[in-house]
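Chain by chain, the residues:
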Amino acid sequence: MFVPFVLGSKSDTDHAMKIAKVLEGYGIKYEIHISSAHKVPEKTLKLIEKYNKKDEAVVFVTIAGRSNALSGLIAANTHFPVLACPPFSDKADYAVNIHSTLQMPSETPAVTVVDPGNAGEAVVRILALTDKSLAAKVKKHIQSVKNSFDA
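Because the structure is predicted, anything quoted here is derived from the model rather than measured.

Reading the values: the criteria
Residues numbered from 1 in each chain as written. Predicted model: local features only at pLDDT ≥ 70, side-chain atom pairs only at ≥ 80, totals over all residues. Heavy atoms only, no water. Helix = DSSP H or I, 4+ residues; strand = E, 2+ residues; numbered from the N terminus. Rg over C-alpha atoms; globule rule 2.2 N^0.38 Å. Buried < 20%, exposed > 50% of the residue type's maximum accessible area, 1.4 Å probe, protein only. Lys, Arg positive; Asp, Glu negative; His and termini not counted. Charge placed at Lys NZ, Arg CZ, Asp CG, Glu CD. Contact = heavy atoms within 4.5 Å. Expected span 1.5 Å × (residues − 1). Bend = angle between axes of the 7 residues up to and from the residue. Arc of directions from axis to C-beta.

Caption draft 1: Representation of the overall build of the chain within the structure. On a plain count of helices and strands, the chain comes out with six helices and five strands. In terms of C-alpha radius of gyration, the chain reaches 15 Å, essentially the compact-globule figure of 15 Å for 151 residues. Along the first, second and third principal axes, the C-alpha set of the chain runs to 50 × 40 × 30 Å. Taken across its 151 residues, the chain has 43% of its residues classed as buried. Of the charged side chains in the chain, 18 are positive and 15 negative; the average position of the first set lies 3 Å away from that of the second.

As structure tokens, this is what we get:
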């Protein structure tokens with residue numbers, strides 16, 4: 001199991017770390033890469049090829065705002081799932097970033113999750129589909145959340 005993060009800008013690192021914190025809680029390995037689909041598409045394509053050769057489960061996490069070509073570029077060039085979690089600083093920024101992330105071209109599926117914590121949990125659940133040990137951890141976590149309402 002492995003999660004490559006691909007960020008459109010270094011300024012997206014704090015946003016990525018909110019997702020990574022969830023992965024760390026489950027013991028899932030990840031790497032963070034900065035690679036703009038607009039400015040260095042050749043670098044992004046090389047990253048995708050590197051992970052496409054892996055024999056283990058991979059879920060790409062993309063973090064890009066404004067004109068989010070990154071999620072679509074990756075989704076169009078990999079057989080692995082792509083989860084997009086756009087960053088935003090205010091409501092105006094949110095409107096632009098979420099719109100560009102939801103509007104992927106046909107045949108380029110990128111799942112969009114707005115909240116970074118939920119994005120991390122979604123990645124874990126995707127990986128848990130093929131890992132019984134991880135699935136058990138997810139079920140335990142869900143039960144602990146439910147139990148917190150009993151107090």
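Caption draft 2: Representation of the environment of Met104 in the model. Locating Met104 in the fold gives a position in the loop between helix H4 (91–102) and strand S5 (111–112). The spatial distance from the C-alpha of Met104 to the C-alpha of Gly27 is 31 Å, given a sequence separation of 77 residues. Setting aside its immediate chain neighbours within four residues, Met104 contacts Asn68, Ser71, Gly72 and Ala110.

Caption draft 3: Broad picture of helix H1 (residues 13–26). Here H1 spans 20 Å end to end across 14 residues, near enough to the 20 Å set by a 1.5 Å rise per residue. Its maximal kink placed at Ile19, H1 deviates by approximately 25 degrees. Within H1, the full set of buried residues consists of His15, Ala16, Ile19, Ala20, Val22, Leu23 and Tyr26. Structurally, H1 contributes buried residues whose contacts are with strand S1 (3–7), strand S2 (30–34), strand S3 (60–63), helix H5 (116–128) and helix H6 (132–147). Just downstream of H1 lies Gly27, where phi reads positive at about 75 degrees.

Caption draft 4: View of H4. Counted at 1.5 Å a residue, the expected span for H4 with its twelve residues is 16 Å, and the 16 Å between its end C-alpha atoms agrees. For H4, the full list of buried residues reads Asn97, Ile98, Ser100 and Thr101. For H4, the angular spread of buried residues about the axis comes to 165 degrees, placing them on one side. Exposed side chains of H4 directed beyond 90 degrees from the buried face belong to Lys91, Ala92 and Leu102. Here the buried face of H4 lies against strand S4 (82–84) and S5.

Caption draft 5: Structural detail: unusual backbone geometry. With phi around 65 degrees, Glu107 is a residue other than glycine that occupies positive phi space. Considering the arrangement of structural elements, one finds Glu107 in the loop between H4 and S5. According to the relative accessible area criterion, Glu107 is exposed, its value standing at 74%.

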